[in-house]
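Each chain, written out:
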Amino acid sequence: MLIEKLEQGINFTNHEKEVAQYILENLDKVPGMSSTELAKYSFTSKATVVRLSQKLGLSGYQELRLKLVEEMNQKNRLSQMLKSEPIHDKSTYTEIIHTLPILYDKAITNTRISLNKNSMNKIKHMLLRTECIDIYGAGISYILAQSAAFKFATLGIESSAYESINGHYLAARKNKKTVTFLISFTGANRTMIRAAKYLKKATNNYIVGIVGPHNEVIQKWCHEIVEIPNRDSLVSLDVITSFLAATYVMDIFFSLLLSEHYNEHAKSSLEMLLHSNLLLDKTGTDKEREDESF
């Protein structure tokens, strides 16, 4: 970064340091100055200005001006983005506990508004006919995939979460009706793109992408795309909003299946309650539990 190099002043002569100092103190004015004017106002010479530009790895003062404008524009853009962040370095505990529910609500609302009803219904119909549900994710989206797989499994559907492709497993299950979800908060995760391409070419899986807005590539390898909002946050709040949005989408599909299989699920839930003591370790008397401990 040019401004960082000017601040460090490595191997600058005293005169070059004077030019650098003037530039740093007048970042908004220098791009409009000629090398002669900069030399005059920094009490140096035009030759010093040119030498400093070259020492910074630039062809001359004209390129220094262009680079300075570019960095200033970027710095201003970043400053504006930081101003819009709901959590910052001055946020208090009270502010945060009020801000997060608003952030959650906004993520869910934006996702709900963007949902395509026809697309969601197509996916629902495929889920009703499926024998297996596979869910792929990478990093934190893999954790979400595991959670979703657990939920679907409670409905009696064979469900699994994966971080990468297992070719032997997929080949062995090629004839099973399978719906595959691919989760990418950006939409451009390379691992998920490669997985989608393999699944589309090598299997008969019905592929659904739960992806962020940068999904131009992955959508070519999916039968359906459900786009989730991504804030492009500078301070990792996109992880919160994207995780919530993707969880919301997966919970919609879980709830749709629960509704369709409600009676069967109610029966299995009642059966589970009959053995709840085993699950909660409440079997036997205190004496029996004491005997088991030895």
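So, here is what we can say about the structure in this document.

About the thresholds
- Within every chain, residues take consecutive numbers counted from 1 along the sequence as written.
- Thresholds applied to this predicted model are a pLDDT of at least 70 for local features of residues and 80 or more for the giving and counting of side-chain atom pairs; totals over whole chains, interfaces and linings are not thresholded and use all residues.
- The side-chain quantities take in all heavy atoms of the structure and omit both hydrogens and water.
- A run of H or I in DSSP counts as a helix once it spans at least four residues, and a run of E counts as a strand once it spans at least two, with each numbered from the N terminus.
- Only protein chains enter the area calculation, which uses a 1.4 Å probe; residues under 20% of their type maximum are buried, those over 50% are exposed, and those in between are partly exposed.
- Residue contacts are counted whenever heavy atoms from the two residues lie within 4.5 Å of one another.
- Using a 1.4 Å probe, the Shrake-Rupley method yields the accessible areas, and only the shown protein chains count as cover for residues.
- Here a strand pair is declared whenever DSSP counts at least two bridges between the two strands.
- All axes here are fitted lines through C-alpha atoms, helices being fitted over the stretch that makes contact, and every angle between N-to-C directions spans 0 to 180 degrees.
- The rule for a salt bridge is simple: a side-chain nitrogen of Lys or Arg has to be within 4 Å of a carboxyl oxygen of Asp or Glu.
- For a crossover, the right-handed case is the one in which the path from the first strand over the helix to the second runs clockwise, viewed with the strands pointing away from the viewer.
- Expected helix span is given by 1.5 Å per residue-to-residue step, counting one fewer step than there are residues.
- Pairs of N or O atoms within 3.5 Å make up the polar contacts considered here, provided that, within protein, one atom can donate a hydrogen while the other can accept it, and that residues adjacent in sequence are counted only when both atoms are side-chain atoms.
- Classification of ring pairs uses Phe, Tyr and Trp, with its six-membered ring standing for Trp, and accepts pairs whose centres are within 6.5 Å; under 30 degrees between planes counts as stacked, over 60 as edge-to-face, and the remaining range as tilted.
- By the criterion adopted, a ring carries a charge over it if an Arg CZ or a Lys NZ lies within 6 Å of its centre and within 35 degrees of its normal.

The subject of this paragraph is the overall build of the chain. Counting secondary structure elements, the chain contains 14 helices and five strands. Counting all 294 residues of the chain, 37% fall into the buried class. For the chain, contacts bridging at least 24 residues in sequence account for 67% of all contacts bridging at least 6. Total accessible area computed for the chain in this model is approximately 17700 Å², and 54% of it derives from carbon and sulfur atoms.

Before going further, it helps to examine the sheet that holds strand 5 (residues 224-227). With parallel pairing, five strands are arranged side by side in an open sheet as 2-1-3-4-5. Strands at the two margins of the open sheet, each flanked by one partner only, are strand 2 (158-162) and strand 5. Ignoring strand direction, the axes of neighbouring strands in this sheet form an average angle of 15°. The pairing of strand 3 (residues 178-184) with strand 4 (residues 206-211) spans six bridges and is classified as parallel. Following the sheet pairing, V179 is matched in strand 4 by Y206. On the sheet, helix 10 (residues 190-202) packs against strand 1 (132-136), strand 3 and strand 4 and is oriented at approximately 160° with respect to strand 3.

The subject of this paragraph is the pattern of salt bridges. Evaluation of the coordinates by the stated rule reveals seven salt bridges. Taking the shortest distance from any N to any O, the salt bridge between E260 and K124 comes out at 3.4 Å. In this pair, E260 sits in helix 11 (residues 237-260) while K124 sits in helix 7 (residues 117-129), placing the two residues 136 residues apart along the sequence. Owing to a relative accessible area of 42%, E260 belongs among the partly exposed residues under this scheme. Ionic contacts of the salt-bridge type, sharing partners, join the residues D134, E158, R173 and K176 into one network.

A word on the pairing of strand 4. Among the six residues of strand 4, six are classified as buried, and the element is accordingly described as predominantly covered. Burial of strand 4 is two-sided: the residues Y206, V208 and I210 facing one way and the residues I207, G209 and V211 facing the other way are all buried. Handedness of the crossover joining strand 3 and strand 4 through helix 10 is recorded here as right-handed. In the sheet, strand 4 pairs with strand 5 via four bridges, with the strands oriented parallel. Looking at strand 5, one finds that I210 is bridged to V226.

The next point concerns the environment of F152. With respect to the helices and strands, the residue F152 is situated in helix 8 (residues 140-153). With a relative accessible area of 1%, F152 lands in the buried category. Residues contacting F152, with those up to four places away along its chain left out, are I133, I135, I157, S159, F181, M250, F253, F254 and L257.

Here the focus is helix 7. Along its 13 residues, helix 7 runs 19 Å from first to last C-alpha, staying within 8% of the 18 Å computed at 1.5 Å per residue. The backbone nitrogen of N118 lies 3.0 Å from a side-chain oxygen of the residue at the head of helix 7, namely N116.

Further remarks concern the packing of aromatic side chains. For any two aromatic rings, the description comes down to two numbers: the centre-to-centre distance and the angle of the planes. Summed over the entire model, instances satisfying the criterion amount to seven aromatic pairs. Their ring planes at 10° and their centres at 6.4 Å tell us that Y22 and Y41 sit as a pair that is stacked. Of this pair, Y22 sits in helix 2 (residues 14-25) while Y41 is found in helix 3 (residues 35-41), placing the two residues 19 residues apart along the sequence. Assessed through its relative accessible area of 15%, Y22 is described here as buried. Seen in terms of ring centroids, Y162 and Y169 are 5.3 Å apart; in terms of plane orientation they differ by 40°. Their pairing is tilted. Looking at Y162, the relative accessible area reads 18%, which means it is buried. Members of the aromatic cluster, joined through ring pairs, are F152, F181, F253 and F254. Over the aromatic face of Y41 sits the side chain of K40, whose NZ or CZ is 5.7 Å from the ring centroid.

These values are about where atoms sit, not about what they do.
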